[in-house]
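Here is how the chains run, residue by residue.
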2 protein chains.
Amino acid sequence: MSMRKQTSKTAGAAKQKLPLVIVGSIGVDDIATPFERRTSLLGGSVSYACAAAAFFSPVGMVGIVGTDFPAKYLEAYRRMGIDLQGLQQAEGRTFRWSGEYDADMINRRTLLTELNVFETFMPELPEAYRDASFLLLGNIAPSLQLHVLKECRRPKFVVADTMDLWIKNTRAALMKVISRVDMLTLNDSEARLLTGLYSLRKAASRILEYGPRYVVIKKGEHGALLVSHAGNFLVPAFPLEDVRDPTGAGDMFAGAFLGALAKAGTVNRRTVREALLYGSVVASFGVESFSLDRLLVLKRVEIARRLGELKAMMRVER
Amino acid sequence: MSMRKQTSKTAGAAKQKLPLVIVGSIGVDDIATPFERRTSLLGGSVSYACAAAAFFSPVGMVGIVGTDFPAKYLEAYRRMGIDLQGLQQAEGRTFRWSGEYDADMINRRTLLTELNVFETFMPELPEAYRDASFLLLGNIAPSLQLHVLKECRRPKFVVADTMDLWIKNTRAALMKVISRVDMLTLNDSEARLLTGLYSLRKAASRILEYGPRYVVIKKGEHGALLVSHAGNFLVPAFPLEDVRDPTGAGDMFAGAFLGALAKAGTVNRRTVREALLYGSVVASFGVESFSLDRLLVLKRVEIARRLGELKAMMRVER
């Protein structure tokens, strides 16, 4: 008998088919910045991504927590309207991560990684998730990303995120993932590591040869670069007065992007670019506070207003 | 008797009134990158800025060289159509600078600075320059920038650039310059040094309080941020395949900006933003080669084409 059990406490219509599914890690984080230190925060790639996506689309979460996972965090997921049919709970402790940011609030050192229940995680898609059109394979082992991809019956647009760990240690599986998705997102240093090319433009072009139609290279506070055969797009970061905690920015960016794309329903030049701007805007709110604190109180009208401000800052003509 | 003499060998109509005047340093540079080492290059802020501005507008150069200044470099200025009535030549050696770039091609160490004839430089505006509408006070001592500003009878739009040296050592004079110009350009670390504020957006807002209507914070390969009471603008950098020598990028940016603004003739939201994009584009060409090598063979049609590409990468709607 498996130690895992599916949680069945989903808010509202449990049998509703989900247009968007996100898989990734769920963690309890300790984070230190030069200004502040916070402990036992709700974190993990799927937490950030689902919270951001939920502003735009119904979203199903695929992840795992331990028996120690605080009830208030489950409650936070529900308050944000995240579907939890795909959330597993297993005997043991939840994945824990601890990191410390440098003075630049960009570079960070990982102080601790405890896999805990994550070590034996095998993501399974509930029936209601298997017809999702939009799928985000958050930053987890490529073998698990592949497994989820296979369980999805007819995805229309699949995004995969990754990190240096998988590029270094499980490259063959990662390359298989990359060859099967529509979009790969990764940060600038990871793009260089994956391709061996320093120029981000060259690196992105090389990654297109691996299979995806779109590559998004994330540059933190400097925005992102979309490269595709249908043209490139410079995704600006919203210039913030203050960044309090950059953790999860890339996950919020990807989550809001795919949520907005799922809401648009069709994938074309305009909807992709618009959705990338939503990603940038939601991430800019997210880093204003620790964990999901800002997203938990964020209103759609604030997103719309900041998107308008961002577009005004990109516009040459009146 | 002064050791200085005015060069009188200007190309074409010597008495033509110049709409745009640029003052700054002229140097002979030795530059090393991780990939290449080059010596005795034509450099200096006014060389880069005038070369970039000359694509758009007649421009007068105010600077100083020594008797060792290679004739081929004077010839290069003339080939680019730069007016040299304001160029002084003095007994002694030309200003020399030597620097070495890190692997990131952004951070650099200064290996040598020899002021030489620059030490006693006192910029003087020829009569044909004194009615210039557009003035760029390139990166030189604030006292000299002030002197040039006073010699200009009715400038319509004045831009000043500066650097950490002046912020640290001659802050009072620099603040006087800042209070009297329309736009200050400086890089991100300099904005933080000048204001003591880490957030670039806060730093820019503080600088607006010092007097200018516009502040442009340069972020190297990540573009620039325009902050003004009339709104902010995210100036993207053109994503390049290769950067060969980033020296002078900020000067080319400022020179092409002001050249394009002078060409437009009027200063408004649209012309300022368009001119900033020209600055970004010309700088992106300039860093593809050492010294002015790329600008010397650059064609206007190439600038127009890359501007079109850049705008396409900024556009959300079709």
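All values derive from a computational prediction rather than experimental measurement.

On to the overall build of chain A. When helices and strands are counted, chain A shows 11 helices and 14 strands. Taken over the C-alpha atoms alone, chain A extends approximately 60 × 45 × 40 Å along its principal axes. A total of 318 residues make up chain A; the buried ones form 50% of that total. A sequence separation of at least 24 residues applies to 67% of the contacts in chain A between residues at least 6 apart.

The next point concerns the relation of the copies chain B and chain A. Expressed as a screw transformation, the operator carrying chain B onto chain A has a rotation angle of 180° and an axial translation of 0.0 Å, and the superposed copies differ by an RMSD of 0.0 Å. On the angle and the small slide along the axis, the relation comes out as a two-fold axis. It is B:His222 whose C-alpha, among those of chain B, lies nearest the rotation axis, at 3.1 Å. The residues that chain B uses at the interface reappear at the interface of chain A in 100% of cases, marking a shared surface.

What follows is about the sheet that holds strand β8 (residues 108–114) of chain A. One key point about sheets: their strands pair by backbone hydrogen bonds, in either a parallel or an antiparallel sense. Residue and element names in this part refer to chain A. Read across the sheet, four strands follow the order β4-β3-β7-β8 without closing on themselves; strand pairing throughout is mixed. At either margin of the open sheet sits one strand with a lone partner, and together these are β4 (37–43) and β8. Between one strand and the next, the sheet's axes are offset by a mean angle of 20°, whatever the strand orientation. The pairing of strand β3 (residues 27–32) with β4 spans five bridges and is classified as antiparallel. Within the sheet, the bridge partner assigned to alanine 32 lies in β4 and is arginine 37.

Below, the discussion takes up helix α8 (residues 249–264) of chain B. Think of an α-helix as turning once every 3.6 residues; residues three or four places apart then point the same way. The end-to-end C-alpha distance of α8(B), which contains 16 residues, comes to 22 Å, matching closely the 22 Å that a straight helix rising 1.5 Å per residue would cover. Note on α8(B): the residue one or two positions beyond its end, B:Gly265, has a positive phi of about 85°.

We now examine the packing of α8(B) against helix α9 (residues 269–286) of chain B. Residue and element names in this part refer to chain B. Packing of α8 against α9 leaves a shortest axis separation of 7 Å and a crossing angle of 140°. The angle between α8 and α9 places the two elements in the oblique class. Seen from above, α8 lies across α9 with right-handed handedness. Residues Ala249, Met252, Phe253, Ala254, Ala256, Phe257, Ala260, Leu261 and Ala264 of α8 form the contact with α9, whose own contacting residues are Thr271, Val272, Glu274, Ala275, Leu276, Tyr278, Gly279, Ser280, Val282, Ala283 and Gly286.

Residue and element names in this part refer to chain B. Considering the arrangement of structural elements, one finds valine 282 in helix α9. Residue valine 282 is classed as buried on the basis of its C-beta count, with 31 C-beta atoms lying within 10 Å. A sequence separation of 25 residues divides valine 282 from leucine 307, and the C-alpha atoms of the two residues are 9.1 Å apart. Excluding its chain neighbours within four sequence positions, the residues that come into contact with valine 282 are Ala52, Phe55, Met252, Ala256 and Ile303.

Taken together, the contact pairs 27 residues of chain B with 27 residues of chain A. Those elements giving two or more residues to the side of chain B that touches chain A turn out to be α7 (200–209), β14 (233–235), α9 and α11 (300–314) of chain B. Considering each element in turn, the side of chain B that touches chain A owes the most residues, five residues, to α9(B). Of the residues assigned to the side of chain B that touches chain A, the class counts are 12 nonpolar, four polar and 11 charged.

This part takes up the environment of A:Leu200. With respect to the helices and strands, the residue A:Leu200 is situated in helix α7 (residues 200–210). Residue class for A:Leu200 comes out buried when judged on the 21 C-beta atoms lying within 10 Å of it. In the structure, A:Leu200 is positioned 25 residues away from A:Leu225 in sequence and 8.6 Å away in space, judged by C-alpha atoms. Discounting chain neighbours no more than four positions away, the residues touching A:Leu200 are A:Asp188, A:Ala191, A:Ile217, A:Leu225 and B:Pro239.

Let us look at the confidence of the model for chain A. Residue and element names in this part refer to chain A. For chain A, per-residue confidence averages 93 on the pLDDT scale, and 95% of positions sit at 70 or higher. Contacts for the low-pLDDT stretch residues 1–13, under 50 throughout, to residues beyond four places or in other chains number 14 contacts. Two numbers describe this predicted complex: its pTM, 0.91, and its ipTM, 0.88.

The next subject is the sheet that holds strand β8 (residues 108–114) of chain B. Residues and elements named next belong to chain B. Taking strand neighbours across the sheet as the criterion, the four strands line up as β4-β3-β7-β8 in an open arrangement whose pairing is mixed. The sheet is open, and its two borders are formed by β4 (37–43) and β8, each paired with just one other strand. Looking at each pair of strands side by side, their axes are set apart by 20° on average, direction ignored. When strand β7 (residues 96–101) meets β8, the two strands line up antiparallel, connected through six bridges. Bridge assignment links arginine 96 to a residue of β8, and that residue is glutamate 114.

Residue and element names in this part refer to chain B. Of all the residues in α7, the buried ones are Leu200, Ala203, Ala204 and Ile207. Down the axis of α7, the buried side of the element spans an arc of 100°, and every buried residue falls inside it. Buried residues belonging to α7 abut β11 (183–187), α6 (188–195), β12 (214–218) and β13 (224–228). Of the residues flanking the end of α7, it is glycine 211, one or two places downstream, whose phi is positive at about 140°.

Now for the packing of helix α3 (residues 142–151) of chain A against helix α5 (residues 171–180) of chain A. All names here are of chain A. Close contact between α3 and α5 brings their axes to 8 Å; oriented N to C, the two are set at 35°. Of the two possible hands of crossing, α3 and α5 adopt the one that is left-handed. Only Ala173, Leu174, Lys176, Val177 and Arg180 of α5 make contact with α3, whose side of the interface consists of Pro142, Ser143, Gln145, Leu146 and Leu149. Per-class residue counts for the contact of α3 with α5 are six nonpolar, two polar and two charged.

So, about unusual backbone geometry. Positioned with a positive phi, A:Ser40 is a non-glycine residue whose angle comes to about 55°. Within the secondary structure, A:Ser40 is located in strand β4. By the C-beta count within 10 Å, which is 12 here, A:Ser40 ends up exposed. Positive phi, close to 50°, is recorded for B:Ser291, a residue that is not glycine. Position of B:Ser291 among the secondary structure elements: in the loop between α9 and α10 (293–297). Of the residues examined, B:Ser291 has 24 C-beta atoms within 10 Å and is grouped as buried.

Residues and elements named next belong to chain B. Taking every second residue as pointing to the same face, both faces of strand β6 (residues 87–90) are buried, with Leu87 and Gln89 on one and Gln88 and Ala90 on the other. Pairing analysis gives four bridges linking strand β5 (residues 59–66) to β6, with the strands arranged parallel. For glycine 63, the partnering residue across the bridge sits in β6 and is leucine 87.

Turning to the pairing of strand β13 (residues 224–228) of chain A, a few remarks are in order. Residue and element names in this part refer to chain A. With respect to burial, β13 is a largely interior element, four of its five residues being buried. Of the pairings in the sheet, the one linking strand β12 (residues 214–218) to β13 comprises five bridges and is antiparallel in character. From the neighbouring strand, valine 215 faces β13, where its bridge partner is valine 227. Between β12 and β13, which pair antiparallel in sequence order, lie five residues; one of them, glycine 220, sits at a positive phi of approximately 60°. The hairpin turn running from β13 into strand β14 (residues 233–235), its antiparallel successor, is four residues long, and glycine 231 in that turn takes a positive phi close to 115°.

Scoring rules and cut-offs
Residues numbered from 1 in each chain as written. Chains lettered and ligands numbered in written order. Predicted model: local features only at pLDDT ≥ 70, side-chain atom pairs only at ≥ 80, totals over all residues. Helix = DSSP H or I, 4+ residues; strand = E, 2+ residues; numbered from the N terminus. Buried ≥ 20, exposed ≤ 12 C-beta atoms within 10 Å, placed from the backbone. Contact = placed C-beta atoms within 7 Å. Least-squares fit on C-alpha atoms with pLDDT ≥ 70 in both. Pairing = 2+ DSSP bridges. Axes fitted to C-alpha atoms, helices over the stretch in contact; angles between N-to-C directions. Expected span 1.5 Å × (residues − 1). Parallel < 35°, antiparallel > 145°, perpendicular 65-115°, else oblique. Left-handed = near helix turned anticlockwise from the far one by under 90°. Nonpolar A, V, L, I, M, F, W, Y, C, P; charged D, E, K, R; others polar. pLDDT = per-residue confidence, 0-100. Arc of directions from axis to C-beta.

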